[in-house]
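# Remarks on the overall topology
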2 protein chains.
Amino acid sequence: MCLAGYPLAMAARDLQERIKKLIIDRRLASGAPLPTEPELMAHLGASRNSVREALKGLQAMGIVEIRHGFGTYVGTMSLAPMVEGLAFRTVAGHHRGEDTLLQLLQLREAVETGLVSRLAGRIPDADLVELDALVDRMEEQAARGGDGIAETDRAFHATLYRGLDNALLGEVMEAFWDTFHRVHTDLGGAPQDPLVTCRQHREIVDAVRSGDAIRAEKAISEHFGNIRVRVSTTGTQHPHRCHNERV
Amino acid sequence: MCLAGYPLAMAARDLQERIKKLIIDRRLASGAPLPTEPELMAHLGASRNSVREALKGLQAMGIVEIRHGFGTYVGTMSLAPMVEGLAFRTVAGHHRGEDTLLQLLQLREAVETGLVSRLAGRIPDADLVELDALVDRMEEQAARGGDGIAETDRAFHATLYRGLDNALLGEVMEAFWDTFHRVHTDLGGAPQDPLVTCRQHREIVDAVRSGDAIRAEKAISEHFGNIRVRVSTTGTQHPHRCHNERV
DNA sequence: AGAGTCAGCTGCTCTAACCAACTGAGCTAG
DNA sequence: CTAGCTCAGTTGGTTAGAGCAGCTGACTCT
């Protein structure tokens, strides 16, 4: 087909850009509906197939969200795609004998160490209360079977940095946590000792509350040191098969 | 077609996972060739169309690299896709009146402040030499027309954190720099004063060399403070059209 | 009035053909 | 003999049309 004025070739690469431009120009917010596939075909002057391939790429970047039988919508633009990509990169590297998981952990440690010292003394009281509650909850969960420990751990790290008052920063930290956790479990890594985790989380909260930046950094550092032992003593020796057996 | 044992529906979502699994299982490194499209069709029991859509998604995540008339290869798995997604998210939010660019800058500041204090005093001498050279070069470029300033700036921030000896961390920081720079120029933001930048870079190097963590943090903070002024006084008022006019 | 059904949207998958970019073998001209 | 060209074969890119599958809402039957 190819409407007048558009180059015949190079459709695919441009299509994504043009769909992105369409979202920008129409000021579409997350969740807003995009034109249907036939409408996009007409608007962009490309075949169904090319439009769909472009959408698939945008979907992988979290820019659009496709719901079968319902429509296409502007995506949440969360960092989930980054988690996906980073996780795969880490797993692939690990299976080829590289210490990618350790590197990922070190990345988290380096960044969180800096953030926590920035946070010391200026964290809102409300967050401290919530952090205390999260440690309490994890102690309960540890006393029981241990169900939900991971989710509580995630919430702890997410809540910790809420005080820095930057939603993007919070998302990035969560994304790193998610990536690490996902890769660690996929690779069959040994879980932490919940009681040790609780004690270290408690110390982090107390250190931040006291306003002692050095102590807070040390607390984070010890926490990660503990995790690091678990990572480097397992996983590297027995590259397990991925779950989701198929192919 | 659909080979025995595979569900008839749900092809697309699984296809990506199965291709990823194929890369993992065969221990394919970056740059290694993937099966051709016909081979993948046979291997995965799906049509050409579905295979291509899956590949487009993986391409958007940097997991595979597609070269027309040549073949499909395992991608470099750089963070470029993350830059792409984050940049779009920032631009889109900006055009809807949100202060996303400022948030991105604050993210960089928070993270780099922590990293630079961690770096103070333990940075390798070789890196210091290189950083000095980079500041010198930027001074030259400022004296001339100003060509290549951006690239030198990028190199400075990249070299700074090399001493932390974590390739992943370096890539992440570069990705944040790239995202910020790209969005800032796309939105027609005012460029920095090169001489101010040079002076602040010099102070950062000297602070890190002296081993004074507090001074280093302050130097970074001032540097970002300078950038922040440029961001918040421009750009927010006149949401420019994107470049690449089309559609 | 309530529940089932059906028509219509939506996106999903397949097939088949042709276009376009790259490679390399073989031919031709110098 | 070599330099360059041509052409066939490979690979991904694009289009077309048909039918499948999930969701919605109005219509119909009980």
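Summary of the structure given here. The model shown is predicted, which means the values in this text are computed figures rather than measured ones.

Moving on, we get to the interface of chain B and chain A. Each partner contributes to the interface: chain B provides 61 residues, whereas chain A provides 62 residues. Regarding the contact of chain B and chain A, the summed buried area is about 5,900 Å², with carbon and sulfur atoms giving 62% of it. A salt bridge links E84 of chain B to K20 of chain A, with the shortest nitrogen-to-oxygen separation between them at 2.9 Å. Linking chain B with chain A are 13 residue pairs in polar contact (both at pLDDT 80 or more). Of all the secondary structure elements, the ones that give two or more residues to the side of chain B that touches chain A are α1 (11-25), α3 (48-60), α4 (80-95), α5 (100-119) and α8 (167-186) of chain B. For the side of chain B that touches chain A, the element with the most residues is α5 of chain B, which contributes 11 residues. Of the residues contributing to the side of chain B that touches chain A, the split by class is 29 nonpolar, 12 polar and 20 charged.

A separate point is the layout of surface pockets. Here the largest pocket defines a volume of roughly 1,100 Å³. Along the walls of the largest pocket sit 36 residues, with K56, Q59 and I66 of chain A together with A12 and R13 of chain B positioned nearest its centre. Put simply, the parts of the chain that give the lining of the largest pocket at least two residues each are α3 (48-60), β1 (64-67), β2 (71-74) and α4 (80-95) of chain A together with α1 and α3 of chain B. Ranked by residues supplied to the lining of the largest pocket, first place goes to α1 of chain B with six residues. Residue classes in the lining of the largest pocket are distributed as 13 nonpolar, 13 polar and 10 charged.

Quick look at the relation of the copies chain B and chain A now. Turning chain B through 180° and shifting it by 0.0 Å along the axis lays it on chain A, with an RMSD of 0.0 Å. What the superposition gives is, in effect, a two-fold axis relating one chain to the other. Proximity to the rotation axis, assessed at the C-alpha, singles out G114 of chain B in chain B; its C-alpha lies 1.7 Å from the axis. The overlap is high: 100% of the interface residues of chain B also sit at the interface in chain A, so the same surface is used on both sides.

Okay, the protein's contact with DNA strand D next. The local shell around DNA strand D holds 25 residues, among which A12, N49 and S50 of chain A together with R48 and R52 of chain B are the closest. Atoms of DNA strand D within 4 Å of the protein: sugar and phosphate make up 65%, bases the balance. Taken together, the elements giving at least two residues each to the surface near DNA strand D come down to α1 (11-25) and α3 of chain A together with α2 (37-44), α3, β1 (64-67) and β2 (71-74) of chain B. Of the residues belonging to the surface near DNA strand D, the class tally is nine nonpolar, 11 polar and five charged.

Attention now goes to the packing of α1 of chain A against α4 of chain B. One can describe the packing of α1 of chain A onto α4 of chain B by two numbers: an axis separation of 10 Å at closest approach and a directional angle of 25°. Of the possible angle classes, the one that applies to α1 of chain A and α4 of chain B is roughly parallel. Note on element contacts: α4 of chain B touches α1 of chain A through E84, F88, V91, A92 and H95 of chain B, opposite E17, K20, I23 and I24 of chain A. Its residues assigned to classes, the contact of α1 of chain A with α4 of chain B comprises five nonpolar, one polar and three charged.

What follows is about unusual backbone geometry. The phi torsion at R27 of chain A lies on the positive side, around 55°, for a residue other than glycine. Accessibility expressed as a relative area gives 37% for R27 of chain A, which makes it partly exposed. Of note in the backbone geometry, M77 of chain B takes a positive phi value of approximately 55° without being a glycine. Considering the arrangement of structural elements, one finds M77 of chain B in the loop between β2 and α4. A relative accessible area of 8% means that M77 of chain B is categorised as buried.

Looking now at empty space enclosed by the protein. Within this structure, the stated rule accounts for five cavities of 30 Å³ or more. Taken together, 21 residues make up the lining of the largest cavity; nearest its centre are P81 and M82 of chain A together with L79, P81 and M82 of chain B. At the level of secondary structure, the elements contributing two or more residues to the lining of the largest cavity comprise α4 of chain A together with α4 of chain B. Along the lines of polarity and charge, the residues of the lining of the largest cavity split into 15 nonpolar, four polar and two charged.

So, how was this worked out
Residues numbered from 1 in each chain as written. Chains lettered and ligands numbered in written order. Predicted model: local features only at pLDDT ≥ 70, side-chain atom pairs only at ≥ 80, totals over all residues. Heavy atoms only, no water. Contact = heavy atoms within 4.5 Å. Buried area = accessible area lost by both parts, 1.4 Å probe. Salt bridge = Lys/Arg side-chain N within 4 Å of Asp/Glu carboxyl O. Polar contact = N/O pair within 3.5 Å; in protein donor to acceptor, adjacent residues only side chain to side chain. Helix = DSSP H or I, 4+ residues; strand = E, 2+ residues; numbered from the N terminus. Nonpolar A, V, L, I, M, F, W, Y, C, P; charged D, E, K, R; others polar. 1 Å grid on protein atoms, 1.4 Å probe; cavity = no way out; pocket = protein on both sides within 12 Å on 5 of 7 lines; lining within 4 Å. Points joined across faces, edges and corners; volume = space filled by probe spheres on them. Least-squares fit on C-alpha atoms with pLDDT ≥ 70 in both. Near = heavy atom within 4 Å. Axes fitted to C-alpha atoms, helices over the stretch in contact; angles between N-to-C directions. Parallel < 35°, antiparallel > 145°, perpendicular 65-115°, else oblique. Buried < 20%, exposed > 50% of the residue type's maximum accessible area, 1.4 Å probe, protein only.

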